[in-house]
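# A structural walkthrough
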Amino acid sequence: MQGTQYAILITVLFIAAIFLLTGLFSWFFTVQQQSRAIVERFGRYVRTARPGLNYKLPYIDRVVQRVSLRVQQLPVEVETKTMDNVFVKLSVAVQYRVVEGNEADSYYKLQDHVSQIESYVLDVVRAKVPKMDLDEVFDKKDEVGSAVKSELDISMKVYGFEITNALVTDVNPADNVKAAMNEIQTQQRLQVAAAAKGEANKILVVKNAEADAESKRLQGEGIAKQRKAIVDGLRESIAAFTDQIGGVSAPDVMQLVLLTQYFDTMKEIGVSAGSKVILMPHTPGGMTDIAQELRQAIITGNESAKTDK
């Protein structure tokens, strides 16, 4: 009988020791830096434990939640329509954190803060973007992010959260819209290139025309100077021939000079490289007719020059 009582006593003491040791270890708990622990007693909020070693009553107090004070980021994707009826997807990165001292509010006032933030982001973006066309959404995406931050910061502060920033990281229209935008840019660049090419061709044509005109002007001046030199040479030849040989009239000298010039020309035609010789029936006596025609042309030219004066 005594042995049985002794065994029961040992068992009770063993169970009590285990219970005591378990309770002793459950008295203490640690909290990490930049974190807080929400402590309840029989389901009622008691306090918020700070970083370091903390204690609680075993089997009475309970740590129900550990809250981080670090800045966290929540990506939200919103699909909406712009003012010019283009559907776009906006990627919004919301950066938030729990305000120190409001850890209990962040835990007890919101069932799911992530869903709450997403709902506010969807509401603000879908109210802001439909008032802009697609180009404005790209140009003013920072304004959209600022509107999201401002609205969220006011709304979430009640629940112990602070919105540090809201960034629109991407604006992604439909694939066919992006293809159309790329095509517009391509055609605009082609128009600019065509205009530049046309301007270059215009300049080239003008320069070629100016060069051709200058060439013809110089050619005309050369021909005029050549003819003047020929006339001066004939005049000097006639004067020298008349002075040295008496009894010869100017028409006779002119005819002789023309005949000499005629044979010189025929010689040049015959000896020129690559020239084709054309045989024409003529007699040296025909030079009289040529001289008569030249004389008549000179007289007509002189009369015209006098008339112009």
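Look above for the structure.
Residues numbered from 1 in each chain as written. Predicted model: local features only at pLDDT ≥ 70, side-chain atom pairs only at ≥ 80, totals over all residues. Heavy atoms only, no water.

### Let's talk about the sheet that holds strand 6 (residues 72-81)
Defined as follows: Following DSSP output, two strands are said to pair if at least two bridges run between them. Secondary structure counts use DSSP, requiring at least four H or I residues in a row for a helix and at least two E residues in a row for a strand, with both numbered from the N terminus. Where helices are involved, their axes are fitted lines through C-alpha atoms of the stretch in contact, as for all axes, and angles between N-to-C directions lie from 0 to 180°.
With antiparallel pairing, 3 strands are arranged side by side in an open sheet as 6-7-8. With partners counted over all chains shown, the strands left at the sheet margins are strand 6 and strand 8 (161-173), one partner each. Direction aside, neighbouring strands of the sheet carry axes that sit 20 degrees apart on average. Summarising the sheet, strand 7 (residues 87-98) and strand 8 pair through 11 bridges and their orientation is antiparallel. When the bridges of strand 8 are listed, V92 appears paired with V168.

### Concerning the sheet that holds strand 2 (residues 35-41)
Pairing between the strands of a sheet comes from backbone hydrogen bonds, and it takes one of two forms, parallel or antiparallel. Pairing is antiparallel across the open sheet formed by 3 strands, whose spatial order is 3-2-5. Looking at strand neighbours, the two that pair on one side only are strand 3 (44-49) and strand 5 (61-68), the edges of this open sheet. Neighbouring strand axes in the sheet, compared pairwise and without regard to direction, differ in orientation by 25 degrees on average. As defined by bridge partners, strand 2 adjoins strand 3 across 5 bridges and the pair is classed as antiparallel. Directly across from I38, in strand 3, lies its bridge partner T48.

### Thoughts on the nonpolar core
Filter applied, for reference: Working definition of a nonpolar core: buried Ala, Val, Leu, Ile, Met, Phe, Trp, Tyr and Cys residues. They are joined through side-chain atoms within 4.5 Å. Only protein chains enter the area calculation, which uses a 1.4 Å probe; residues under 20% of their type maximum are buried, those over 50% are exposed, and those in between are partly exposed.
Within the largest apolar cluster, 32 residues are counted, with the highest numbers of intra-cluster contacts made by L90, I117, V121, V125 and L152. Counting residues per element, the ones that place at least two in this core are strand 5, strand 6, strand 7, helix 3 (113-128), helix 4 (134-139), helix 5 (141-156) and strand 8. If you tally residues by element for this core, the top one is strand 7, at 6 residues.

### Section: the side chain of T82
Operational definition: Residue contacts are counted whenever heavy atoms from the two residues lie within 4.5 Å of one another.
Locating T82 in the fold gives a position in the loop between strand 6 and strand 7. Those residues in contact with T82 that lie beyond four places of it in its chain are V88, V129, P130, M132, D133, L134 and V137.

### Looking at the packing of helix 3 against helix 5
Heads up, the condition is: Roughly parallel covers angles under 35 degrees, roughly antiparallel covers those over 145, roughly perpendicular covers 65 to 115, and oblique covers all other angles. A clockwise turn of the near helix away from the far one marks a right-handed crossing, whereas an anticlockwise turn of less than a right angle marks a left-handed crossing.
The geometry of helix 3 relative to helix 5 is characterised by a closest axis approach of 9 Å and an angle of 135 degrees between their N-to-C directions. In this view, helix 3 runs oblique relative to helix 5, as classed from their interaxial angle. Helix-helix and strand crossings are classified by hand; for helix 3 and helix 5 the assignment is right-handed. Contacts between helix 3 and helix 5 involve H113, Q116, I117, Y120, V121, V124, V125 and K128 from the former and E143, V144, A147, V148, E151, L152, S155 and M156 from the latter.

### Considerations on helix 3
A turn of α-helix holds 3.6 residues, and therefore any two residues three or four places apart point the same way. Which entries qualify depends on this criterion: Each residue after the first adds 1.5 Å to the expected span of a helix. Between N or O atoms, a polar contact is any pair within 3.5 Å; within protein, one atom must be a potential hydrogen donor and the other a potential acceptor, and residues adjacent in sequence are included only when both atoms are from side chains.
Taking 1.5 Å per residue as the helical rise, helix 3 with its 16 residues ought to reach 22 Å, and the 23 Å between its terminal C-alpha atoms agrees with that figure. Buried residues along helix 3 sit against strand 6, strand 7 and helix 5. Regarding helix 3, its N-cap is D112, as a side-chain oxygen of that residue lies 3.3 Å from the backbone nitrogen of V114 further along.

On their own, these measurements won't tell you what the molecule is for.
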